[in-house]
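# Coordinates in review
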Amino acid sequence: MGSGIKYRCPPQVAWTVESDGILLLNAATASSRRLRYPEAAVWDWISRGESCDRIMRKTAAVAKMETETARRLVLEAVRSWVEAGFLVVENGDG
């Protein structure tokens, strides 16, 4: 997740807000993933088109963590969601 890169859900992915976080469902792979806070907040901000820098700053603020810790959390979450097929780069195939 770099500056200016935006992500989106491919058509086969649906997600829903639940009382304990967000549930991701990938129909193509029959996989699911439950996101708890603060990863659920990161997902929400990505879905709203927030910039990478803004997501990292907001994560640090709401989760009360150091900026570098928040940066690592966001990068790892996005990497894992892309690898699992829950996100694609906005201008990529999907």
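Above: the structure in question.
Owing to the predicted nature of the structure, the values given are computational and were not obtained by experimental measurement. Throughout, a residue's number is its position along its own chain's written sequence, starting from 1. pLDDT decides what is reported in this predicted model: residues at 70 or higher carry local features, side-chain atom pairs at 80 or more are listed and counted, and totals for whole chains, interfaces and linings draw on all residues regardless. No hydrogens and no water enter the side-chain calculation; it runs on all heavy atoms of the structure.

### Let's talk about the overall build of the protein chain
Using the following cut-off: By the criteria applied, helices consist of DSSP H or I runs no shorter than four residues and strands consist of E runs no shorter than two, each listed in order from the N terminus. For this measure, only C-alpha atoms enter the radius of gyration; the expected value for a globule follows 2.2 Å times N^0.38, where N is the number of residues. A simple rule labels every residue: compare its accessible area, found with a 1.4 Å probe on the protein chains alone, to the largest value its type can have, and call it buried under 20%, exposed over 50%, or partly exposed in between. The criterion used for residue contact is that any of the two residues' heavy atoms lie within 4.5 Å.
Helix and strand counts for the protein chain stand at three helices and five strands. Tracing the protein chain from N to C terminus, the helices and strands come up as β-β-β-β-α-α-α-β. Here the C-alpha atoms of the protein chain give a radius of gyration of 13 Å, agreeing with the 12 Å that 2.2 N^0.38 yields for 94 residues. Each of the three principal axes of the protein chain carries a C-alpha extent, and together these read 35 × 30 × 20 Å. Out of the 94 residues belonging to the protein chain, those deemed buried represent 34%. Once local pairs closer than 6 in sequence are excluded, the contacts in the protein chain between residues at least 24 apart make up 54%.

### Some details on helix 2 (residues 52-62)
Put simply, the rule is: Starting at the helix axis, one direction is taken to each C-beta atom, and the arc is that of these directions.
Considered for burial, the residues of helix 2 that qualify are Cys52, Ile55, Met56, Thr59 and Ala60. For helix 2, the buried positions fall inside an angular range of 130 degrees around the axis, keeping them on one side. Across helix 2 from its buried face, at more than 90 degrees, point the exposed residues Arg57 and Ala61. Looking at the buried residues of helix 2, the elements they touch are helix 1 (39-47) and helix 3 (67-83). Positive backbone phi, approximately 50 degrees, marks Lys64, located one or two places after helix 2.

### A look at the pattern of salt bridges
The test is simple: For this document, the term salt bridge refers to a Lys or Arg side-chain nitrogen within 4 Å of an Asp or Glu carboxyl oxygen.
All told, the structure shown has 10 salt bridges when counted by the stated rule. Between Asp20 and Arg34 there is a salt bridge, with its nearest N and O atoms 3.5 Å apart. In this pair, Asp20 is assigned in the loop between strand 2 (13-18) and strand 3 (21-26) and Arg34 in strand 4 (residues 31-35), connecting sequence segments 14 residues apart. The exposure class of Arg34 is partly exposed, given its relative accessible area of 37%.

### With respect to the nonpolar core
In plain terms, the rule: We call a set of buried residues a nonpolar core when its members are Ala, Val, Leu, Ile, Met, Phe, Trp, Tyr or Cys and they connect through side-chain atoms within 4.5 Å of each other.
Core analysis: the largest hydrophobic core is formed by 21 residues, its most contacted members being Leu24, Leu35, Val42, Trp43, Ile46, Val74 and Trp81. At the level of secondary structure, the elements contributing two or more residues to this core comprise strand 3, helix 1, helix 2 and helix 3.

### A closer look at the pairing of strand 3
Applied cut-off: Two strands pair under a simple rule: DSSP has to find at least two bridges between them.
Along strand 3, five of the six residues are buried, which leaves the element largely enclosed by surrounding structure. Of the pairings in the sheet, the one linking strand 2 to strand 3 comprises six bridges and is antiparallel in character. Bridge pairing in strand 3 places Trp15 opposite Leu24. Here strand 2 hands over to strand 3 after two residues, the two strands then running antiparallel side by side. Looking at chain direction, strand 3 and strand 4 are connected through five bridges and run antiparallel. When the sheet's bridge partners are listed, Leu23 is paired in strand 4 with Arg34. Between strand 3 and strand 4, which pair antiparallel and follow one another directly, the connecting turn spans four residues, one of which, Ala30, has a positive phi of 55 degrees.

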